[in-house]
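Here is how the chains run, residue by residue.
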Amino acid sequence: MGAIPSDSSDNLLRASHLQLLGSVLKRGQKADKTLIRSYKRGFSGFVARLTKDEALALKGKKGVVSVFVDPVYKTHTTHSWDFLQQNSVVIDTSPNSDSSSSSSSSSVSDTIIGLLDTGIWPESKSFSDSGFGNVPSRWKGICMEGTDFNSSNCNKKLIGARYYASDHGAPPPFFPTTRTNANSARDEEGHGTHTSSTAAGNPINGASYYGLATGTSKGGSTNSRIAMYKVCSFEGCLGSAILSGFDDAISDGVDLLSISLGASSSFRPDFSEDPIAIGSFHAVAKGITVICSAGNEGPTSSTVVNAAPWILTVAATTIDRFFESDILLGGNKSAIKGEAVNFSNLKKSPTYPLIDGGSAKSNSSDVSLASHCDPDTLDGSLVKGKIVVCIHSESDISKNIKMEELKNLGAIGSVVINDVETFLANSYVSFPVSEITTQAASDILKYINSTKNPIATILPTLTVTKYKPAPVVAYFSSRGPSAQAGNLLKPDVAAPGVNILASWIPTTTEVPAGQKASEFNLVSGTSMACPHVAGVAATIKSWNPSWSPAAIRSAIMTTAFHSNNDNAPLTTNTGSAATPYDVGSGEVSPTSALQPGLIYDLTTQDLLLFLCNFGYNSSTISLITNDTNGCKCPSNSSKDLISNLNYPSIAVANLKLNEKRTVNRVVTNVGSQEETVYSVSVNSLKGVDVMVAPNKLKFSKGINKLGFQVVFSVKDSSLKGDLFGGINWSDGVHNVRSPFVVNMG
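Residues numbered from 1 in each chain as written. Predicted model: local features only at pLDDT ≥ 70, side-chain atom pairs only at ≥ 80, totals over all residues. Heavy atoms only, no water.

Engineer: I keep staring at the state of the cysteines and nothing clicks. Help me out?
Structural biologist: In protein structure, a disulfide is the covalent linkage between the sulfur atoms of two cysteines. Taken as a whole and assessed by the stated rule, the structure comprises four disulfides. Through a disulfide, Cys232 is tied to Cys237; the S-S separation comes to 2.0 Å. In this structure the cystine formed by Cys232 and Cys237 twists about its S-S bond by roughly 100°; its chirality is therefore right-handed. Take Cys232 and Cys237: they sit in the same class, and that class is buried. (Disulfide = S-S within 2.5 Å. Buried < 20%, exposed > 50% of the residue type's maximum accessible area, 1.4 Å probe, protein only.)

Shown next, in the form of structure tokens:
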């Protein structure tokens, strides 16, 4: 997947792909029958049906960067903007004081956000083009017609839509589907509609999920245009489709790409075999900022994906909203606060029999399994007409499966004891369910064990706002360190990703009795966090159109905040202190990101040096970039030198006791004051020596770029593992913060 030669054309690229294919096929086989798709708009590559031997032969051919099996990725599945104080950002009047280039109101609406996702529901009010001017003349995309989708479904807001089936528009043979809109940009899952409206949806007053979370639903950059690239189906997201989306988006003219999908942490391909890493590299090389979700496999460490240094990687946190569903017990007991989304129709007074799963076990089952309400472990005669208390552990089968089993047995509700998924309201719609912690459950179990005929009821969910503490790191958010590059700190930043209200398709969710299908849904995942950051990035881009993707990322990372609404440090859902492996640089701040003061910039050459230090050889890198002069990696290339990449955060891996490691950085002054002085302060653990030289940066009219060095050393032998801290540059107006981690090898 290399760059396109400057003297090439679509026909020449296809011919070269066919020639390369033909060189590994058996005599008599036609290359054009094997070729499925050529990538020839944003980069050069192709998809073909090959045997294992043919693929191996192709891998050894001159000019080939990589050959890999088409992988299947998965999606990483409003008040959130108010919580982030986005409502204080005025983007319709004048640019912010830090803007290094002039802008106008038209440029704000000229910003184009592309999304690689499950498609879009064009009829949603989030995508109305009322008040929008003409589509930017630089836009080269199309509104691709398909099943239940035609050119009239696009407008001045939703300016492009494409979908990717396999050869000749048919679904891939290994992905049989009965979905009616498989060959269409129309969203059948809801995911793409939700992420699109979160990034750039219009403000919609009175939005709610059946009366919950009522307010104004809006995207982060409401004036931006949207282009959808449907690369996912119900069965997953094919790597070949993802690359097709990148190929088209680069050529179509998007400014940013928001990608809420990725590989599993257990299948983490090399950068050269990862469709997202490949596509995003070429996008960033063309000036397109790429924002990706970090994954939903937390809280296990080293699960972060989409960790290439040219990608802005986003973790997920909560907002200050709580969905409370209380449990009332008999005997005038105090209400027990639970969390879930349910529209319970049970009586408000506790009149329903209450039983724990272990006491309702069938004759053939184990008490332990029955206490977890596992399928086929309960006696239906003992749970019918009752509220059942069930334990849920991280290794258990899906709670939805458990609840379906209870409904089928005639239970009327459930109290779920769940210490893992705290601060996350799962949706059970019409089935009365409330989730509580083990601590809260002790009162219920004590009541059951001390009462002959225990009774209870579950109240319908209420929305609680200004909930504290918030934000909190979501339990599911994938964590660092990066398993691929220990000298690169990932994720980069965190954003709201728990119970986010945004537009949805009106055909997929269970509807409460007597209600019409909601146009909105509450959804959680780093998938939801990613478009929040995309919206912020689009606003930055609109006022600084010449800024590079690295500059935009730097502005977002160095201005992120580190405290919650209790003015205390950020924590995880368990209450432990959040580290850069949880939140990267911190929680995104839409207002502060518009005035970063200093930025850490990167060029394509910097990224090529990263590839050298990562271990790629000069010839492979030359193919990736199509550098006719050849790329020569330094003879001292080393993974330790990845720490010198001009990144807004710092990671130093495998530092030895008393060893000194020097890291270099360069910052650019983009503030309104050309003549200014920044002073440094360091926050580090006792025993971790961090020396910054110089300790002052003096910018003048002729000098807007200055470098500095950071020397790390550890002399305390009791310090082990990962040691965290931060560096802050301040001129009294701006605070430019960089987290660091030192790993003791």
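Engineer: It is not clear to me how the nonpolar core should be interpreted in this structure. Could you clarify?
Structural biologist: Nonpolar side chains in soluble globular proteins tend to end up buried together. Within the largest apolar cluster, 103 residues are counted, with the highest numbers of intra-cluster contacts made by Leu257, Trp310 and Ile556. Apart from residues no more than four positions distant in its own chain, Trp310 is found in contact with Ala277, Ser280, Phe281, Val284, Val290, Arg553, Leu607, Phe610 and Leu611. Counting 26 residues, the second largest nonpolar core, distinct from the first, contains Leu697, Val714, Leu723 and Val742. (Core = buried A, V, L, I, M, F, W, Y, C linked by side-chain atoms within 4.5 Å. Contact = heavy atoms within 4.5 Å.)

Engineer: Whenever I open this one, unusual backbone geometry confuses me. Can you help?
Structural biologist: Negative phi values dominate among residues other than glycine, just as trans dominates among peptide bonds. Put simply, Gly298 and Pro299 share a cis peptide bond, and its omega is 5°. Mapped onto the fold, Pro299 is located in the loop between strand E13 (289–293) and strand E14 (312–317). The step from Ala693 to Pro694 runs through a cis peptide bond, and the omega angle for that step is -5°. Topologically, Pro694 is positioned in the loop between strand E34 (688–693) and strand E35 (696–699). The phi torsion at Asn499 lies on the positive side, around 50°, for a residue other than glycine. By the secondary structure assignment, Asn499 is in the loop between strand E26 (493–496) and strand E27 (500–503). (Helix = DSSP H or I, 4+ residues; strand = E, 2+ residues; numbered from the N terminus.)

Engineer: I would appreciate a short explanation of the pairing of strand E20 (residues 413–418) in the present structure.
Structural biologist: Side-chain positions along a regular strand alternate between the two faces of the sheet. With respect to burial, E20 is a largely interior element, six of its six residues being buried. Here E20 shows two buried faces, one formed by Gly413, Val415 and Ile417 and the other by Ser414, Val416 and Asn418. Both strand E19 (residues 387–392) and E20 contribute to a ladder of six bridges, which runs parallel. Each residue of the ladder has a partner; that of Val389, found in E20, is Val415. In the classification by handedness, the crossover that spans E19, the intervening helix H11 (residues 399–409) and the parallel E20 is right-handed. Here E20 runs beside strand E22 (residues 433–436); their pairing, made up of four bridges, is parallel. Paired with Ser414 across the bridge in E22 is Val433. (Pairing = 2+ DSSP bridges. Right-handed = clockwise from strand over helix to strand, strands pointing away.)

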